[in-house]
Every structure is written in structure tokens, then in C-alpha cells.
Amino acid sequence: MTDTSLALFGGPPAVTRPLEPYRSVGTEEAEALRAVIDDNCLSGFYGSWGAEFLGGPRIRAFEERWAERFGGRFAISSNSATSSLFSAMAAIGISPGDEVIVPPTTMSASVMAPLLYGGIPVFADIEDETFCLDPEAVEAAITPRTKAIIVVNLFGHPAQLARLRDIADRHGLYLVEDNAQGPLAEEYGRPAGSVGHIGIFSLNYHKHIHTGEGGMCLTDDETLAGRLRMVRNHGENCIDDSGVNDITNLVGFNFRMTEMSAAIGLVQLDRIDAHVEKRIALAEALSGGLRNLEGITPPAVRSDCRHVYYTWTFKLDEAALGVDRETFLQALRAEGFPAYGGYVEPLYRLPLFQRRQAIGRDGFPFTLTDRSYEGELCPVAERLYRHEFALFETCAFDVDDELARQFVASVRKVHENRDALARAAAVRNRN
């Protein structure tokens, strides 16, 4: 008879092998780097106007290939997605006091970017199923001071991008897509990252294309493309030569990508479909194996969308399970399935917002607004963070079919023994 006692209580774990990290680089990337070294050009950028202002040959090739692959006219590389977000805020002309609507549930850089230019983040709640910005909450948050919307295609599922672009266009706003987790995601057949005025991609650790660090902006707007390039590369030195008339925010940075990162990116761009398909297959195996379990809801996929599963994010209903989320997840981890709960606390709870102090000693830019960040501004985000979110990083581990089956078995095992978990939790709480 098979021993089904929980590993948390001393039984054998359902997952019988240690997990290995997902490896997306190999000999082809090493050969590409060797070619860069042999060419003796690790970076081709000059911070002055001329051909080299746009970078070396691999940067230009990478940008051209990226634009073609992801459905935009122009791609502008950078040294990180954070840099790309800052560049996007500069390019669209965010100025002190402008409001930018943002989600509360995302990596912090998505919300920090407006602050650099004196913009005021305004938080709108997220959807219960896909965890992306709720268009109705966005529309309700628009004021005469609103300049832009930053939408995040969270966990690899596209937000309601077409609807949000319509809202932006009707109100004369910019839509900026943070698509760091969603390359090759789609809505109505259109690539995520190509619907907004600017789309942002990430190339750092665990992303679908991994170059160490790196980012990419995608846009169809030639003027925005030019401004993004200026911000990336000391644009203040090139205003006269470039012929740019609007010099708002063209205090440039060094956000440049190296030829080495571009060389790796070119190799990985050829393999992105294989990486994404593997993650989709894993996520679908997990979802398929766990449907119809009381209290567990696998990731939703909206009609006419493609989800690329940067993470496999499921929901736990504590009341239906009869046990709290953390106890359930603790038992899962003991079985060898490394799920965790909560993702990030709603970002308006960061000290920066609670104390209303960002740039300088005097609280800029919050001195320009009476907006408060106190209380539960986004009830859906609060509930998901505190009670329901559960995640497995499909991007982090190399999982074959057998491990996927063992993951499913671990969840089913804990689910079947949740009454024992609840009793143990009750005893622990009494003591």
C-alpha cells in the first residue's frame, strides 16, 4: 500500500528528484560572445551624434530583428527594462504633477518610473482572474491631470490591451505596456507589447530571452523612437545635430546595451519559441491535472488570448479548503513543489508612498498633489495578496514530464490530506 502521509508530517515527498535551474544559454551563446571578443568591439556606442550614436552592428541587428519579431516599426535596446521604463516616461513627456495610472501588483519599477520625472502614480485595481489592470478601474481613475497609463501583462497573460488602448485614445493619453513577463503573449492575434504607444520588454534573469541584463522598447511612432534613443545615450549633447525641437526630458543617461548582450540576444531570439512552448506545455500539464479540485483555481486564459506563463499562478480559496493558504503551501513545499503565496504587497504600501517622499528631502513630487496612499486602495489586489495568490515559477526550473506529474501528485496529495493539515494548524494555534 502506498504511503500517502504528508511529507510535512514525516511521510515520503511526492517529488522524488531535486529541481534543477532552467538553463537557457549554451554553446551557441558562447560562440557568439567569442565572435564579439574577436571583433574587439564590446560596445559600439558613442555619446555624440553620428553613426555610432545608434550603437554597434549587433545592437542594430538585434533591434531590427526584435521589431520584426514583435510587430513594431522601431525597437530601441537598453541595459534593463527599468531603464526602458524610465526612457518611456521621458519620451512621452511626463512632467511634474502629471498623473500616471499604474497597477498595484507588479515589479516596483513599473510604478517608480513616473516619479523620476515628477509624475504622480495613481493606483487602479486589478482583475480577479488575470490579475492585470481592470479597465473599469482605470477609466474611473482618469482626471484632467492624467497623462498616461502603464499596463503590465502580469505573469505572461495579456491585459485587456485593445480596450485600454481605446480608453487611452478617447482621453488623449499614452498607453505604455510593461511586457517584461509576456513576450509572445497575444490578444486577438496581436503580440503583447505592440498595442501601446510604447511596449517594454525585459531580458534579465529568468525572462523568456535572457542576456544577463537588458531591455527593449517597441514603438510604431518615429518621434517617440528618436526620443527614446536620445534618453538612452546622453541626448543632451546631440540636440542641435539631431534636429529635435521638443527637448523636454532630454537629459540623457547611459542606458546602453553592450554588443555582448546583443550577441546573446540574437541567438536567443531564434529559440524563443521553443522556450515559450516548453513553459506553456508545463503550465497546461499542471492546470489540466488540477482542474475540479475544490478550493484550487488554475490560471485563467481569456478568450482570444495566448498566455506564456512567466509564472503559473493559481488561486487558493481558504474557506473551501478548510485550511489557510500558508499552511497549504508549506505542505506543498515539503512535498517538493516550490510554490509560494502573495507575490508582492500592493505597491502603494511601500514607505515611499506611505511617507509621501521620493525625490529630494522635501517630498517631491508628492508636494504637487494631495493624493493619499493610505488604506486599502485596491481591494482585489489586497485580497489576492493576503489570501489567494499562489505561484510556481515556471521560468525558474527545468521540469520534464515526469516532474510535472509529480508536481500534480503533490498538490493532489496535500488536497486529499487537508483535514489533517487543518487539525495540525488548529493544535498549533492553540499552543
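Scroll up a little and you will see the structure.
The rules behind the values
Residues numbered from 1 in each chain as written. Predicted model: local features only at pLDDT ≥ 70, side-chain atom pairs only at ≥ 80, totals over all residues. Heavy atoms only, no water. Helix = DSSP H or I, 4+ residues; strand = E, 2+ residues; numbered from the N terminus. Rg over C-alpha atoms; globule rule 2.2 N^0.38 Å. Buried < 20%, exposed > 50% of the residue type's maximum accessible area, 1.4 Å probe, protein only. Contact = heavy atoms within 4.5 Å. Areas by Shrake-Rupley, 256 points an atom, 1.4 Å probe, with all protein chains shown as cover. Pairing = 2+ DSSP bridges. Phe/Tyr/Trp six-rings, centres within 6.5 Å; stacked < 30°, edge-to-face > 60°. Lys NZ or Arg CZ within 6 Å of the ring centre and 35° of its normal. Salt bridge = Lys/Arg side-chain N within 4 Å of Asp/Glu carboxyl O.

### Re the overall build of the protein chain
Move 1: Regarding its fold elements, the protein chain presents 16 helices and 16 strands.
Move 2: The globule rule puts the C-alpha radius of gyration for 431 residues at 22 Å, and the 23 Å found for the protein chain is close to it.
Move 3: When its C-alpha atoms are laid out on the principal axes, the protein chain stretches across 80 × 55 × 40 Å.
Move 4: Among the 431 residues that make up the protein chain, the fraction classed as buried is 55%.
Move 5: Taking contacts inside the protein chain between residues at least 6 apart in sequence as the whole, the part at least 24 apart equals 71%.
Move 6: Carbon together with sulfur atoms contributes 49% to the accessible area of the protein chain, which is approximately 18,000 Å² in total.

### With respect to the sheet that holds strand S15 (residues 389–392)
Through backbone hydrogen bonds, the strands of a sheet pair up, either in parallel or in antiparallel fashion.
Move 1: In space, the four strands of this open sheet follow the order S11-S13-S15-S14, with antiparallel pairing throughout. Pairing within the sheet leaves two strands with one partner each, and these edge strands are strand S11 (296–297) and strand S14 (340–341).
Move 2: Both S11 and strand S13 (residues 312–316) contribute to a ladder of two bridges, which runs antiparallel. Bridge assignment links isoleucine 296 to a residue of S13, and that residue is leucine 316.

### Regarding the packing of aromatic side chains
Move 1: Going through the model one piece at a time under the given rule, you end up with 21 aromatic pairs.
Move 2: Taking 5.9 Å as the distance between ring centres and 85° as the angle between the ring planes, the aromatic pair formed by phenylalanine 123 and tyrosine 373 counts as edge-to-face. Here the residue phenylalanine 123 occupies a position in strand S4 (residues 120–123), and tyrosine 373 occupies one in the loop between helix H13 (351–354) and helix H14 (379–388), the gap between them amounting to 250 residues.
Move 3: Looking at tyrosine 373, the relative accessible area reads 2%, which means it is buried.
Move 4: Both rings, one in phenylalanine 353 and one in phenylalanine 366, keep their centres 5.9 Å apart while their planes meet at 70°; by these two values the pair is edge-to-face. Placement of phenylalanine 353 in helix H13 and of phenylalanine 366 in the loop between H13 and H14 is noted, with a sequence separation of 13 residues between them.
Move 5: With relative accessibility at 1%, the residue phenylalanine 353 sits in the buried group.
Move 6: Arginine 279 extends its terminal NZ or CZ atom over the ring of tyrosine 22, reaching a point 5.3 Å from the ring centre.

### Observations concerning the pattern of salt bridges
Move 1: Taken as a whole, this structure holds 27 salt bridges when the rule is applied.
Move 2: Among the ionic pairs, arginine 69 bridges to aspartate 273, the shortest N-O distance being 2.6 Å. Note that arginine 69 is positioned in helix H2 (residues 57–70) and aspartate 273 in helix H10 (residues 272–289), a separation of 204 residues in sequence.
Move 3: For aspartate 128, the salt bridge is made with arginine 383, and the minimal N-O distance between the two is 3.0 Å. You can see aspartate 128 sitting in the loop between S4 and helix H5 (135–141) and its partner arginine 383 sitting in helix H14, a full 255 residues away along the chain.
Move 4: Residue classification places aspartate 128 among the partly exposed residues on the basis of a relative accessible area of 28%.
Move 5: Taking the relative accessible area as the measure of exposure, arginine 383 reaches 31% and is therefore partly exposed.
Move 6: Salt bridges here are not isolated pairs; linked through shared partners, they connect Asp128, Lys315, Arg383 and Glu388.

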